[in-house]
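Inside the fold
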Amino acid sequence: ENELLEKANSNLLVNLDSLEKANSSAIVDQITWEPDTISGLMDSLTGLPSINKRRGASWSPNGNYLALVGDDGVLRVYSFDGSTVAEKDTASSASISRDVKWHPDGKHIAFCSGDLYVYSFVSDTLALEGSYSSGKSTHSADWSADGTQLLVGEISSGGVLLFEFNPTTSTLTTPPTIMVG
């Protein structure tokens, strides 16, 4: 009788194990084929808010912060210690965000969202330092290695703009030099 019970328990465990594997496989298939599920799952695992499309991400030079932008038009800055993510500050724009880049000094962030915005980031707080509206949609940005110039691409004209930037005074010189377009 005990032998029959052990065999029945063994079969039950094998069947439960197979069922668990089948369910796991179905979940993996669902995640693999449904992008919104992946985004939601990743967001819940990392502590980041669910945003339909993230368009730009940038590490701070010291690796302690992340700057993210997405379709919601919000620049979000998070601290990151290797395992924990904590939101520090946000800044909103009226357009879909396209790109974000940390300045080499780690104290400034360029944010493309229709217009160009330059924020300072000190003591976990964003403050708008300068902006530029070309009447066209800024799409991408990158700082020079020394942080004194900011290169910006425009999506609607295909133009490339070059700004001078003084990191000491947080001054963005406008109008920019138009390199192309």
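Please refer to the structure placed before this passage.
As the structure is a prediction and not an experimental result, all values here were calculated from the model.

**Quick word on the nonpolar core**
Nonpolar side chains tend toward joint burial in soluble globular proteins. Judged by nonpolar contacts, the single largest core of 14 residues is most densely connected at Leu75, Val77, Trp102, Ile109, Tyr119, Phe121 and Leu126. Secondary-structure elements contributing two or more residues to this core are strand S2 (65-70), strand S3 (74-80), strand S5 (99-102), strand S6 (108-113) and strand S7 (115-122). Apart from the residues within four sequence positions on either side, Leu126 is in contact with Leu75, Val77, Asp89, Thr90, Ala91, Ile109, Tyr119, Ser120 and Phe121. Counting residues in each nonpolar core, the second largest holds 13 residues, with Ala110, Leu116, Val118 and Trp143 among its members.

**Side note on the environment of Ser79**
Looking at the secondary structure, you find Ser79 in strand S3. Judged by relative accessible area, Ser79 falls into the buried class, the value being 17%. In the structure, Ser79 is positioned 10 residues away from Asp89 in sequence and 9.7 Å away in space, judged by C-alpha atoms. With residues near it in sequence (within four places) discarded, Ser79 still touches Asn64, Tyr65, Thr84, Val85, Ala86 and Lys88.

**Digging into the side chain of Ser93**
Turning to its location among the elements, Ser93 is positioned in the loop between strand S4 (85-92) and S5. A polar atom in the side chain of Ser93 sits 3.2 Å from the backbone oxygen of Ser95. Residues contacting Ser93, with those up to four places away along its chain left out, are Gly73, Phe111, Ser113 and Tyr117.

What counts, and where the lines are drawn
- Residues numbered from 1 in each chain as written.
- Predicted model: local features only at pLDDT ≥ 70, side-chain atom pairs only at ≥ 80, totals over all residues.
- Heavy atoms only, no water.
- Core = buried A, V, L, I, M, F, W, Y, C linked by side-chain atoms within 4.5 Å.
- Buried < 20%, exposed > 50% of the residue type's maximum accessible area, 1.4 Å probe, protein only.
- Helix = DSSP H or I, 4+ residues; strand = E, 2+ residues; numbered from the N terminus.
- Contact = heavy atoms within 4.5 Å.
- Polar contact = N/O pair within 3.5 Å; in protein donor to acceptor, adjacent residues only side chain to side chain.

Keep in mind that these numbers describe shape and distance, not what the molecule does.
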